[in-house]
Amino acid sequence: MPKLFHVFFLFLLLSAIAFAQTKIPAPNEVVGFTPGDDKKLASWNQIVDYFQKLDAASDRVQFQEIGKSTMNAPFVYATISAPENLKNLEKYKQINDKLADPRLIKSNEKLAGDLIRQGKTIVLITCGIHSTEVGSTLSSMLIAHRLASSNEPEIQKILQNTIVLLVPSLNPDGVDIVKNWYDKTLGTKFEGTTPPELYHKYVGHDNNRDWYAFTQVETQLTVDKIHNEWHPQIVNDIHQQGANGARLFVPPYMKPVEPNVPKEIIEGYTELGNYILTEMTKQGFAGITNDSIYDAWTPARAYSHYHGGVRILTETASARLASPIKVEFGNLRVDASDNYDPQKASANFPKPWQGGDWTLRDITNYMTTSSFTLLKHAAENREAWLKRFYAVGKEATRPRKDGELFAYVIEAEKNNYGLFLTGILESAGVEITRAVPFSVNGKKYDNGTSIVRLDQPYASFAKAMIESQKYPELLDSKGEPIPPYDVTAHTLALFTETNVDKVFRPFRIPKESLAESPLDIGDLNGEKLLDKSSNKVKLLYKSHIPSMDEGWTRWIFDDELFPKIFNSSTSFKKINYRSAFNKDIQESNLISKTTTIIFPDQSPNQILNGYAKGAMPDEYTGGVGAEGVANLRKFVEAGGTLVFLNRASNFAIEQFNLPVTDVTRGASRKDFYIPGSILRTELDTAHPIAKGMPKDSIAWFEDSPAFEIKTDPLALTNNFKIIASYPKNPKDILLSGWALGAERLAGKAALVEFTVGKGKIVLFGFRPQYRGQSLATFPLLFNAIAN
């Protein structure tokens, strides 16, 4: 009997050990708290550790690292589905490949039907691209745990019918930047404030404006190794918004929709967004809106719309990072242009939230519920999603007829800028033939000319990048322009000064050229390239109020791609720089430390005054101040060069009493409004800053000044040079986007150099290095720095 007892006890012990080994860990068992708890944030290492343990314990989860982030953190994602699906992932990838590109099955409808019956809905869930929006990365653990552990019928159906690709954070570096700041300020009056640095090393919030230029390594990894590998039918992109409006936004989006987005995509996000709103409202969730706030115009936020998949943007109201807030009902308000009133029920806002406490737990509840509602629809309508996906591919790849746009012909690059454009197109899966010399429509093309046919799966992406945008003139009932959510132009062909011809009839595509591309743009992010022969470093001003333009400027200075593109520009290769904070500007004898100081796009008040006392810890308050301005004046008078970009130019005008007026100041939005557009400029190519450039150029205009010089007709000489100006005919100014009241700019200066003492002040009335895309105007910046 004792022996039998021992055997039984050993059996129980082994069973307990086996159970413990296979038990699915809950997030609190790994990170030490339940995601959504007040005042608790997880580090990136803790989050990765949790997913690794989930992978080890569950046969529903595969977790993998696919690269490194900008600051060398692991970039990861989890694949979650039924175990039998995970064993056949390659099969489902191949099914999706064929549905995405019906040419692979010769558009055989019977075969397509078989594939649709076999396939799974691929759902990509992306979290944490904006790191101060802390809820989504925390919610990723809650979503993964429920999918890995639950045996509810609804979850089983999701696992059987979908394959979920879950990215815990599209910006791993920012997870720790925000957590470290939050923990440092926890319990102080600064608790819940935004860090005094960009939460992405280079681009901050603009990392979610990179979905067509692919400049940042995190974007590249997501596109190359998730989007292009899986072709998801649905992308659930989880975000947060301000605290004083709706509790949750879901699609459909406000108008306008970018014209190259297929109608099936619009139908898909409308159906799914309406479903989420209806179902969550039934469950008692209040404050949900759609057809408001956000549009679907720019591809910069919607890669999937040009690749067969709907983007379901969800925006949940924020707290103060992980700290709770109280919002009174009477304080709920939004801009009139947002298309709903948070205090009144309406068709697109059926159940107003009544105000009260708002916590991180509320945020994660809205996020997880909306995500599982989406997954339920994806599972229950699996075949419908795959049919819609196939329809997009079928329309894209159908043969073109005479009179229809058949192909773009991108002339062989006389500089390397065009390779930036074609490299982006190829990264997005666009097929390009680099041809031997050929003729079409009576025009001869050189060896290496690129041909982009329109009868291919992702031609709509190429169309959006090549053709100019005509943003509709949307005005409210008072005649005020309704602003876009982001910007109105994204024409890479203009940004890269690339000539593209259209061909409206089928022609025989010539053979592929054997000539090698002169530029390898496969790896955009590389080691810092500095010319140590430069005697003095350039200073790049860096405020404690983070500026994305400052980050973009650092990025183009650091990246190894641009010395290859601008191989004829020795000035670029000699940019040896360091960041200069307020204290550096306030140090005496600046001329002994540098020859050039660059001020990126930032408001004059932020440069001069920075954070007010009490708004942040003392070491982060203040700007350059009167002392810094005095030093800058001494610096330029002694022979230094000051370069000001976009809004920073008004700082120079005000502080140095320059004889120039910004003609856009004081203009009402009703009379003048250019919300991120590409304008035409004319250059004085005799000036060193524009030397070697074409006379006709561009300017990225967004919150930009334009200059009118106050000349003295009695002076023997005037101390300025106009380097770039807008055309005198207002009709010639706009190239892409929207320009209301463009006549205000006609004949005005866009780039001016002033001589002050022995030095120079250069005013850019635009962002010459806009989001790392406007290569056509990069040389103006490089030459201004080196001149």
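Higher on the page you've got the structure.
Residues numbered from 1 in each chain as written. Predicted model: local features only at pLDDT ≥ 70, side-chain atom pairs only at ≥ 80, totals over all residues. Heavy atoms only, no water.

**Describing the packing of aromatic side chains**
Step number 1: Applying the stated rule across the entire model yields 36 aromatic pairs.
Step number 2: Look at F406 and F507: their rings are 5.6 Å apart centre to centre, the planes differ by 70°, and that puts the pair in the edge-to-face class. Taken together, the residues F406 in the loop between helix 13 (382-397) and strand 13 (407-410) and F507 in the loop between strand 18 (500-503) and strand 19 (538-541) connect sequence positions 101 residues apart. Neither F406 nor F507 differs from the other in exposure class; each is buried.
Step number 3: Taking the centre distance of 5.2 Å and the plane angle of 65° together, the rings of F557 and Y577 count as edge-to-face. (Phe/Tyr/Trp six-rings, centres within 6.5 Å; stacked < 30°, edge-to-face > 60°. Helix = DSSP H or I, 4+ residues; strand = E, 2+ residues; numbered from the N terminus. Buried < 20%, exposed > 50% of the residue type's maximum accessible area, 1.4 Å probe, protein only.)

**Section: the sheet that holds strand 5 (residues 234-241)**
Step number 1: Spatially, 1-2-4-3-5-10-6-8 is the arrangement adopted by the eight strands of the open sheet, whose pairing is mixed. This sheet does not close on itself; its edge strands, each paired only once, are strand 1 (61-68) and strand 8 (288-289).
Step number 2: With respect to the sheet, helix 11 (residues 263-282) is in contact with strand 5, strand 6 (248-249), strand 8 and strand 10 (310-317), its orientation differing from that of strand 10 by roughly 35°.
Step number 3: Where helix 12 (residues 360-380) meets the sheet, it contacts strand 3 (121-126), strand 4 (162-167), strand 5, strand 6, strand 8 and strand 10, and its direction lies at approximately 165° from that of strand 5. (Pairing = 2+ DSSP bridges. Contact = heavy atoms within 4.5 Å. Axes fitted to C-alpha atoms, helices over the stretch in contact; angles between N-to-C directions.)

**As for unusual backbone geometry**
Step number 1: A cis amide bond, omega 10°, links P251 with the succeeding residue P252.
Step number 2: On the secondary structure map, P252 appears in the loop between strand 6 and strand 7 (254-257).
Step number 3: The step from K255 to P256 runs through a cis peptide bond, and the omega angle for that step is 10°.
Step number 4: The residue P256 is located in strand 7 in this model.
Step number 5: Look at H231: it is not a glycine, yet its phi comes out positive at around 50°.
Step number 6: Considering the arrangement of structural elements, one finds H231 in the loop between helix 10 (217-230) and strand 5.
Step number 7: The phi angle at D703 is positive, at roughly 50°, despite the residue not being glycine.
Step number 8: Examined against the element boundaries, D703 turns out to sit in the loop between strand 25 (696-702) and strand 26 (707-709).
Step number 9: Taking relative accessible area as the criterion, D703 reaches 57% and is therefore assigned exposed.

**Quick word on the pairing of strand 19**
Within a regular strand, the side chains alternate between the two sheet faces.
Step number 1: Burial of the side chains of strand 19 extends over both faces: K538 and L540 are buried on one face and L539 and Y541 on the other.
Step number 2: As judged from the four bridges shared by strand 19 and strand 20 (residues 577-580), these two strands associate in the parallel manner. By the bridge assignment for strand 20, L539 is matched with R578.
Step number 3: Note: strand 19 against strand 21 (residues 596-599), two bridges, orientation parallel. Counted as the bridge partner of L540 is I598 from strand 21.

**Considerations on helix 11**
Step number 1: Its 20 residues give helix 11 an end-to-end C-alpha distance of 29 Å, which sits within 8% of 28 Å, the value for a rise of 1.5 Å per residue.
Step number 2: Of the residues making up helix 11, those classed as buried are E264, I265, G268, Y269, L272, G273, Y275, I276, L277, E279, M280 and T281. (Expected span 1.5 Å × (residues − 1).)

**As for the sheet that holds strand 14 (residues 433-435)**
Step number 1: Across the sheet, four strands lie side by side as 14-17-13-18; this open sheet has antiparallel pairing. Of all the strands in the sheet, just strand 14 and strand 18 have a single pairing partner and so form its edges. Taken over all neighbouring pairs, the strand axes of this sheet differ in orientation by 25° on average, direction set aside.
Step number 2: Sheet topology note: the strand 14/strand 17 (residues 449-453) ladder contains three bridges and is antiparallel. If you follow A435 over to strand 17, its bridge partner there is T449.
Step number 3: Packing of helix 14 (residues 417-427) onto the sheet brings it into contact with strand 13, strand 14 and strand 17, and relative to strand 14 it is tilted by some 140°.
Step number 4: In the packing of helix 15 (residues 459-466) onto the sheet, the strands contacted are strand 13, strand 17 and strand 18, and the crossing angle to strand 13 comes to about 50°.

**Topic: the packing of helix 5 (residues 89-100) against helix 6 (residues 109-118)**
Step number 1: Their axes nearest at 10 Å, the elements helix 5 and helix 6 cross at an angle of 140°. As the angle between them shows, helix 5 and helix 6 are arranged oblique. Handedness of the crossing formed by helix 5 with helix 6: left-handed. Mapping the contact onto sequence places K91, Y92, I95, K98 and L99 in helix 5 and A112, L115, I116 and Q118 in helix 6.
Step number 2: In terms of residue class, the contact of helix 5 with helix 6 is built from six nonpolar, one polar and two charged. (Parallel < 35°, antiparallel > 145°, perpendicular 65-115°, else oblique. Left-handed = near helix turned anticlockwise from the far one by under 90°. Nonpolar A, V, L, I, M, F, W, Y, C, P; charged D, E, K, R; others polar.)

**Describing the environment of E279**
Step number 1: You can see E279 is positioned in helix 11.
Step number 2: Between the alpha carbons of E279 and T369 there is a distance of 9.8 Å; along the sequence they are 90 residues apart.

**Some remarks on the nonpolar core**
Step number 1: With 197 residues, the main nonpolar core has L147, L425 and F461 as its most contacted residues.
Step number 2: In terms of residue count, the dominant contributor to this core is helix 12 (nine residues).
Step number 3: Excluding its chain neighbours within four sequence positions, the residues that come into contact with L147 are R60, I80, I155, I158, L159, V164, F372 and L375.
Step number 4: I585, V629, F707 and F720 belong to the second largest nonpolar core, which has 31 residues in total. (Core = buried A, V, L, I, M, F, W, Y, C linked by side-chain atoms within 4.5 Å.)

**Here's the deal with the pattern of salt bridges**
Step number 1: This model, assessed by the stated rule, comprises 41 salt bridges.
Step number 2: The residue K93 makes a salt bridge to E229 at a minimum N-O spacing of 2.4 Å. Placement of the pair is K93 in helix 5 and E229 in helix 10, with a sequence separation of 136 residues.
Step number 3: The buried category is assigned to K93, whose relative accessible area is 13%.
Step number 4: Of the charged contacts in the structure, one is a salt bridge between K583 and D584, with a shortest N-O distance of 3.7 Å.
Step number 5: By relative accessible area, K583 is classed as exposed at 56%.
Step number 6: In this structure D584 comes out as buried when scored by relative accessible area, which is 8%.
Step number 7: Taken together, the shared-partner salt bridges connect D206, R209, D486 and R771 into one network. (Salt bridge = Lys/Arg side-chain N within 4 Å of Asp/Glu carboxyl O.)

**A short note on the environment of G128**
Step number 1: Mapped onto the fold, G128 is located in the loop between strand 3 and helix 7 (135-149).
Step number 2: The spacing of G128 and G32 is 96 residues in sequence and 20 Å in space, taken between C-alpha atoms.
Step number 3: In this structure G128 touches S136, T137, P168, S169, L170, N171 and I238, once residues within four positions along its chain are discounted.

**Topic: the side chain of N161**
Step number 1: Here N161 shows up in helix 8 (residues 153-161).
Step number 2: According to the relative accessible area criterion, N161 is buried, its value standing at 16%.
Step number 3: A polar contact is formed between the side chain of N161 and the backbone oxygen of A379, at a distance of 3.3 Å.
Step number 4: If we skip the residues at most four places from it in the chain, N161 touches K120, T121, A379 and R382. (Polar contact = N/O pair within 3.5 Å; in protein donor to acceptor, adjacent residues only side chain to side chain.)

**Quick notes on helix 10**
Step number 1: An ideal rise of 1.5 Å per residue puts 20 Å on 14 residues; helix 10 measures up with 19 Å between its terminal C-alpha atoms.
Step number 2: Along helix 10, the helix axis deviates most sharply at V223, where the bend reaches about 35°.
Step number 3: In terms of residue burial, helix 10 counts as a mostly covered element, since 10 of its 14 residues are buried.
Step number 4: When we look at burial in helix 10, the residues that qualify are V217, E218, T219, Q220, L221, T222, V223, I226, H227 and W230.
Step number 5: Of the residues one or two after helix 10, H231 is the one with positive phi, at around 50°. (Bend = angle between axes of the 7 residues up to and from the residue.)

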